[in-house]
Amino acid sequence: MRRDTNITYNIDWLILFIYSTLVIMGWLNIYASVYEGGTGMNIFDFSLNSGKQLIWIASTLIIFSIIMSIDFKFYESVSYLIYGLILFMLLFVLVFGTKVSGARSWFEIGSFFKIQPSEFAKFATALAIAKYASQPTFRFSNMSHLLTIFALILGPMLLILLQPDAGTALIFISFIIVFYREGLTPYVLIIGIFFVFLFILTMFIDQLYIILGIGLFTAIAIGFAEKTFKKAVGILIIAVMTLGVTLSFDYFQTNILKPHHQKRLMVLINPNSDPLGDGWNVTQSKIAIGSGRIWGKGFLQGTQTKFDFVPEQSTDFIFCTLGEELGWAGTSVVIIIFIVLILRIIYIAERQKSRFARVYGYGVASILFFHFTINIGMTIGLFPVIGIPLPFLSYGGSSLWGFSILLFILLKLDAHRMQILNR
Amino acid sequence: MNDHRKVFIRLSVVLVGLIFIIKLFTIQVLSDNYERAAEGNILQRIIEYPYRGLVYDRNGKLLVVNNPIYDLMVVPMEVKIKDTVSFCQLFNIDKETLIKKYQEVRNYSVIKPSVFIKQISNEDFARIQDKMIEFKGFYISARSVRDYPHTSLANAVGYVGEINKSQLDKDTTNFYRMGDYIGISGIESTYEKELRGTRGVKWKMVNVRGVEKGSFKDGQNDTLSVPGLDLMSTIDLDIQQYAESLLDGKVGSLVALQPATGEVVSIVSAPFYDPNMLSGREFSKNFKILSSDSLVPLFNRPIMAMYPPGSMFKIVQSLIALQEGVLNPDELIYSDGNLIGDLAPNGYYDLRKAIQYSSNNYFYRIFRRMINHGIDPNPFIDARYGVALWREYVSKFCLGVAPKIDIPNPKSGYVPTVSYYDRVYGENRWKFSNIYSLSIGQGETLVTPLQMANLAAIIANRGFYFMPHIIKSIGETGLPDSIYQVRNYVGIDSAHFIPVIDGMEEVIRNGSGRRAYLPDITVIGKTSTVENPHGEDHSGFMAFAPKEDPQIAIAVYVENSGWGGRAAASIASLVMEKYLTGEVKRKALEDYVLKGDFIY
């Protein structure tokens with residue numbers, strides 16, 4: 001077995017290449033989305049988002065060097081510390097953070113420098129989960145292990161929900177994919193999907209019909225099942241639980257979910273229900289992307305994004321600029337690049353000898369996959385409008401730093417995979 | 001166990017990617033709806049309204065101009081009214097109207113500007129301008145409306161107004177849009193095509209707030225607006241205003257023409273109104289007031305009001321009889337009052353004297369010769385030939401046919417036909433004794449004041465006329481329509497006019513038209529006292545002057561003012577004096593007219 005300590009040899013250049021491609025595409029698209037034409041604008045102008053993003057991109061080189069120069073075992077050993085630190089910051093931001101559009105998610109340091117701790121919670125949680133799951137004794141079948149590992153997700157999730165930033169909080173659900181890979185029973189997934197389905201049903205169908213439906217299914221199930229007392233009781237227990245969940249969903253939707261969240265879900269089903277109000281974002285986003293046709297209007301030639309028909313064009317809706325100016329050709333290429341990236345990360349995760357690195361790798365893949373799915377899904381009307389960025393492409397320092405750190409740590413761990421002894 | 005999970009996870013990733021690519025294919029490649037929606041988002045079609053052409057009088061004084069006016073535009077998306085009360089006060093509307101209007105424009109478009117309040121006047125604009133900053137989303141857009149600086153000539157210039165549905169349907173050229181302005185009456189309507197100009201279209205790109213972001217495709221689809229053509233009217237504003245002052249407070253008409261050209265120097269419809277009333281924001285209110293006025297000021301009397309011609313018609317009868325050879329002007333005809341009521345004394349009359357004294361019985365006899373031509377021994381059949389022939393002559397005088405003046409809806413008047421009498425009395429059941437009142441211009445015959453002025457012009461020209469018109473030239477070098485440049489002969493030899501004109505000269509010197517006498521200028525005229533079964537007789541008069549080189553031909557009708565020699569002749573004479581000499585010296589006559597108490 002070859003043990004080359006030269007890090008440049010072992011580093012995964014494909015991932016680094018994809019990373020650079022996406023980041024540069026993002027930078028160009030951010031410029032396109034703020035470009036107003038003809039006024040002698042400059043992509044390097046530091047007062048523009050594109051200029052600022054360039055600073056952030058440049059700074060990722062420093063982050064890369066730092067991460068690569070630190071001993072790879074360091075990350076495993078300080079996982080909990082980082083996680084704890086981030087949890088503290090998430091608490092701290094709730095008290096001292098700056099309120100930006102209704103959410104206390106930001107630390108403002110000076111007037112230029114803003115940092116969003118929730119972006120860093122992603123890699124920190126991935127590290128903590130990897131650390132916990134890599135204990136030799138860890139089993140998903142062990143109830144206390146199971147609860148602990150879920151608690152690791154729920155901690156940052158709840159703190160972020162309190163900001164409130166439901167979109168970012170939602171991302172932490174992606175870790176279920178990691179757990180599934182690591183042996184969590186698929187029933188959790190099935191039940192989860194069932195509950196999501198039930199949740200959507202409660203939004204659109206009167207509670208009464210759902211309760212009647214549950215009753216009907218229960219009756220049929222008891223009728224067809226073997227006529228043992230135990231089975232009947234089991235089915236009844238499931239039915240009662242479902243009922244309870246339904247009622248609590250209903251309570252959640254009417255009393256906890258904010259009206260704008262409800263509307264966003266409604267709009268997803270029928271964007272034309274309110275094309276000028278809550279359907280505006282989805283409608284305009286689809287118009288921008290759709291108007292790009294096959295080849296797009298050309299770089300800097302977009303009109304919908306430039307003339308502000310699309311909201312948040314350089315951050316959450318950056319995909320619209322891409323769709324409008326580069327067309328279906330451009331969007332397909334970006335989607336393929338993302339799929340290749342995620343598959344490559346999974347491949348890398350699978351080739352790790354240490355469980356820590358593998359779990360972490362899956363964490364990286366899952367987070368990117370969720371971001372990719374939800375962000376693009378929302379711009380083309382397949383998901384409700386959830387304000388999360390498209391990794392590496394969207395404007396934003398915290399998000400770029402967060403994703404870069406997430407990815408670079410994996411690259412570092414992977415570069416040293418040969419130094420791990422088989423257990 | 002984990003192997004198929006690894007595959008499952010990877011497959012899910014690929015599946016999501018595939019779903020996205022397929023969904024994007026349907027949005028971006030299969031459907032062009034989004035592309036069109038995108039253009040709809042950014043493209044704004046801005047109509048550049050051309051200036052409507054101006055109208056000058058014959059001396060270059062402005063009759064019709066354009067005045068700036070302001071529309072309040074709104075872009076609902078940007079609207080922020082902090083204080084609705086002050087908004088309502090500023091624009092003088094109540095809160096309900098505000099809410100209702102706002103809903104309307106919002107329903108039309110949230111991002112496109114729509115008109116919120118139309119036609120804010122210059123004075124209001126000054127008041128509003130400074131406070132606009134308080135009301136986000138509202139803009140002022142300038143346009144122009146018609147303005148009539150001299151407040152004269154209302155019915156002749158007409159007015160412009162918003163195009164209505166039926167006019168819009170009739171517009172096969174697709175020129176007009178809903179809400180456009182169009183000439184509705186008068187010159188504004190006749191010369192609509194010349195005055196309106198050509199609209200320009202600009203395609204602008206706008207952002208989500210409706211703010212302009214430059215031209216679309218560098219303006220290659222844009223067109224410039226072309227202002228309408230200016231018109232020069234034949235009207236002499238000084239004469240017009242003087243004539244209007246004389247007719248003020250009366251009901252009637254005046255038409256003054258240049259016989260040599262057919263140019264209308266003055267055309268008055270009394271009572272008149274200020275044409276500015278029908279321009280701008282108060283249009284609907286004022287239109288209601290004017291159209292419910294019992295004296296119908298919107299009725300363009302000189303071309304639409306029909307009266308019996310009365311004694312003025314005797315001139316036509318004389319000329320026809322002379323041309324037909326049934327009358328020798330020097331023949332003495334004993335005329336006593338037993339055939340028809342008469343103010344002229346019994347005695348021998350030749351044509352000159354008959355005209356001077358307006359002898360009804362003379363013209364009764366002349367007309368009988370015309371009608372009973374002796375073509376057929378049966379007087380019933382003979383009368384048919386006579387009336388048919390007579391009517392042919394009369395039509396050539398532009399009587400019973402509508403003059404083609406360039407003001408909309410001139411009336412033809414009425415000259416009875418053979419078939420008319422057949423209808424009334426039955427075929428071959430009428431003869432001269434049934435129709436004799438035609439001889440003195442009463443009976444069924446009806447004329448408009450314009451036709452009488454034209455008759456005066458025909459006499460002045462000794463046998464022809466130019467179709468009366470009110471526009472001299474169109475555009476920089478333009479001429480009027482070709483129909484206004486040809487002589488229309490009435491089929492009477494010019495020699496026959498000599499005795500007629502001599503007789504009319506005596507009317508002014510020693511007859512009923514003495515009030516129209518001018519010391520240094522020979523005036524030729526004829527009065528009419530038009531029998532009016534509904535009330536006091538109408539006063540009618542036609543004249544031209546000077547005799548040898550006629551400069552002006554005129555006709556005046558004043559309703560319910562009794563003898564033609566009084567109100568009508570006085571007014572006509574004053575206008576002629578003003579036109580021919582530039583000033584009015586006969587102040588006593590002027591006072592008499594202005595006082596306007598003609599019935600005694």
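Residues numbered from 1 in each chain as written. Chains lettered and ligands numbered in written order. Predicted model: local features only at pLDDT ≥ 70, side-chain atom pairs only at ≥ 80, totals over all residues.

Draft legend 1. Representation of the overall build of chain B in the model. Scanning chain B from N- to C-terminus turns up 22 helices and 22 strands. Here chain B holds 600 residues, and the buried ones make up 42% of them. In chain B, the share of contacts with a sequence separation of at least 24, taken over all contacts with a separation of at least 6, comes to 70%. (Helix = DSSP H or I, 4+ residues; strand = E, 2+ residues; numbered from the N terminus. Buried ≥ 20, exposed ≤ 12 C-beta atoms within 10 Å, placed from the backbone. Contact = placed C-beta atoms within 7 Å.)

Draft legend 2. Summary view of the overall build of chain A. The helix and strand inventory of chain A stands at 17 helices and 3 strands. Out of the 423 residues belonging to chain A, those deemed buried represent 43%. A fraction of 68% describes how many contacts in chain A between residues 6 or more apart in sequence connect residues 24 or more apart.

Draft legend 3. Seen up close, the sheet that holds strand β11 (residues 212-215) of chain B. Residue and element names in this part refer to chain B. In space, the 3 strands of this open sheet follow the order β1-β10-β11, with antiparallel pairing throughout. Each of the sheet's edge strands pairs with one partner strand only, and the pair in question is β1 (43-48) and β11. Neighbour-to-neighbour, the strand axes of the sheet open up by a mean angle of 40°, direction not taken into account. Pairing of β1 with strand β10 (residues 200-206) involves 6 bridges; the strand directions are antiparallel. (Pairing = 2+ DSSP bridges. Axes fitted to C-alpha atoms, helices over the stretch in contact; angles between N-to-C directions.)

Draft legend 4. Here's a closer look at the interface of chain A and chain B. If you look at the interface, chain A gives 35 residues, while chain B gives 30 residues. Elements with a contribution of two residues or more to the side of chain A that touches chain B: α9 (175-181), α14 (280-290), α15 (318-350) and α16 (355-379) of chain A. Of all the elements, α15 of chain A adds the most residues to the side of chain A that touches chain B, at 12 residues. Tallied by class, the residues present in the side of chain A that touches chain B amount to 20 nonpolar, 10 polar and 5 charged. (Nonpolar A, V, L, I, M, F, W, Y, C, P; charged D, E, K, R; others polar.)

Draft legend 5. Structural context of the sheet that holds strand β1 (residues 98-100) of chain A. Residues and elements named next belong to chain A. Taken in spatial order, the 3 strands line up as β1-β2-β3 in an open sheet, and their pairing is antiparallel. At either margin of the open sheet sits one strand with a lone partner, and together these are β1 and β3 (113-115). Ignoring which end each strand starts from, the neighbouring axes of this sheet average 50° apart. Of the pairings in the sheet, the one linking β1 to strand β2 (residues 103-109) comprises 3 bridges and is antiparallel in character. Among the inter-strand pairings, T98 is bridged to a residue of β2, identified as W106.

Draft legend 6. Representation of helix α16 (residues 379-396) of chain B in the model. Residue and element names in this part refer to chain B. Compared with the 26 Å implied by 1.5 Å per residue over 18 residues, the 26 Å span of α16 between its first and last C-alpha is a close match. Residues A383, R384, G386, V387, W390, Y393 and V394 constitute the buried set of α16. Immediately beyond the C-terminal end of α16, within one or two residues, lies C398, with a positive phi of roughly 65°. (Expected span 1.5 Å × (residues − 1).)

Draft legend 7. Up close: the pairing of β2 of chain A. Residues and elements named next belong to chain A. Hairpin connection from β1 to β2: 2 residues lie between these consecutive antiparallel strands, with S101 at a positive phi of about 40°. Of the strand pairs in this sheet, β2 and β3 are connected by 3 bridges, and their pairing is antiparallel. From the neighbouring strand, I109 faces β3, where its bridge partner is F113.

Draft legend 8. How the structure looks around the nonpolar core. Judged by nonpolar contacts, the single largest core of 122 residues is most densely connected at A453, A456, A543, I554, I571 and V575 of chain B. Domain assignment of the residues forming this core places at least three in each of domain 1 (46-233) and domain 2 (310-398 + 414-447) of chain B. With near-sequence residues (within four places) excluded, V575 of chain B lies in contact with I239, Y242, A243, L246, L254, A256, S266 and I554 of chain B. The next biggest cluster of nonpolar side chains, apart from the first, holds 111 residues, and it includes A32 and Y180 of chain A together with Y34 and M205 of chain B. (Core = buried A, V, L, I, M, F, W, Y, C linked by C-beta atoms within 7 Å. Domains from an automatic or database assignment.)

Draft legend 9. Here's a closer look at the packing of helix α6 (residues 117-133) of chain A against helix α7 (residues 143-161) of chain A. Residue and element names in this part refer to chain A. Their axes nearest at 10 Å, the elements α6 and α7 cross at an angle of 170°. Between α6 and α7, the crossing angle belongs to the class labelled roughly antiparallel. Across from S118, A121, T125, A128, I129, Y132 and A133 in α6, the residues of α7 making contact are T148, I149, L152, I153, P156 and I160. Of the residues belonging to the contact of α6 with α7, the class tally is 10 nonpolar, 3 polar and no charged. (Parallel < 35°, antiparallel > 145°, perpendicular 65-115°, else oblique.)

Draft legend 10. Fine view of unusual backbone geometry. The linkage connecting Q163 of chain A with the following residue, P164 of chain A, adopts the cis geometry, with an omega of -5°. Turning to its location among the elements, P164 of chain A is positioned in the loop between α7 and α8 (166-171). In the segment running from A545 of chain B into P546 of chain B, the intervening peptide bond is cis, with an omega of -15°. Within the secondary structure layout, P546 of chain B lies in the loop between β21 (538-545) and β22 (552-558). Residues other than glycine seldom take positive phi values, yet N92 of chain B does so here, at roughly 60°. Checked against the element boundaries, N92 of chain B lands in the loop between α3 (84-91) and α4 (95-108). Not every positive phi belongs to a glycine, and C398 of chain B is a case in point at roughly 65°.

Draft legend 11. Representation of the packing of helix α21 (residues 567-581) of chain B against helix α22 (residues 587-595) of chain B in the model. Residues and elements named next belong to chain B. Packing of α21 against α22 leaves a shortest axis separation of 10 Å and a crossing angle of 130°. By the angle class used here, α21 and α22 are oblique. Regarding α21 and α22, the two cross each other, and that crossing is left-handed. Residues S570, I571 and L574 of α21 lie in contact with α22, whose contacting residues are L589, E590, Y592 and V593. When grouped by side-chain class, the residues that make up the contact of α21 with α22 number 5 nonpolar, 1 polar and 1 charged. (Left-handed = near helix turned anticlockwise from the far one by under 90°.)

Draft legend 12. Spotlight on the environment of D414 of chain A. If you trace the backbone, D414 of chain A turns up in helix α17 (residues 397-415). Not counting residues up to four positions away in its chain, the partners in contact with D414 of chain A are D12, I348 and Q352 of chain A.

Draft legend 13. Inspection of α17 of chain A at higher detail. Under the 1.5 Å per step criterion, the end-to-end length of α17 of chain A is 26 Å for 19 residues, consistent within 8% with the ideal 27 Å. Across the 19 residues that make up α17 of chain A, a large majority, 17, are buried.

Draft legend 14. Looking closely at the confidence of the model for chain B. Confidence in the prediction of chain B, expressed as mean pLDDT, is 88, and 98% of residues score 70 or more. Overall fold confidence for the complex sits at a pTM of 0.65, while the interface term, ipTM, reaches 0.89. (pLDDT = per-residue confidence, 0-100.)

Draft legend 15. Up close: the environment of S570 of chain B. If you trace the backbone, S570 of chain B turns up in helix α21. Beyond its immediate stretch of four places on either side in the chain, S570 of chain B contacts R515, L589, Y592 and V593 of chain B.

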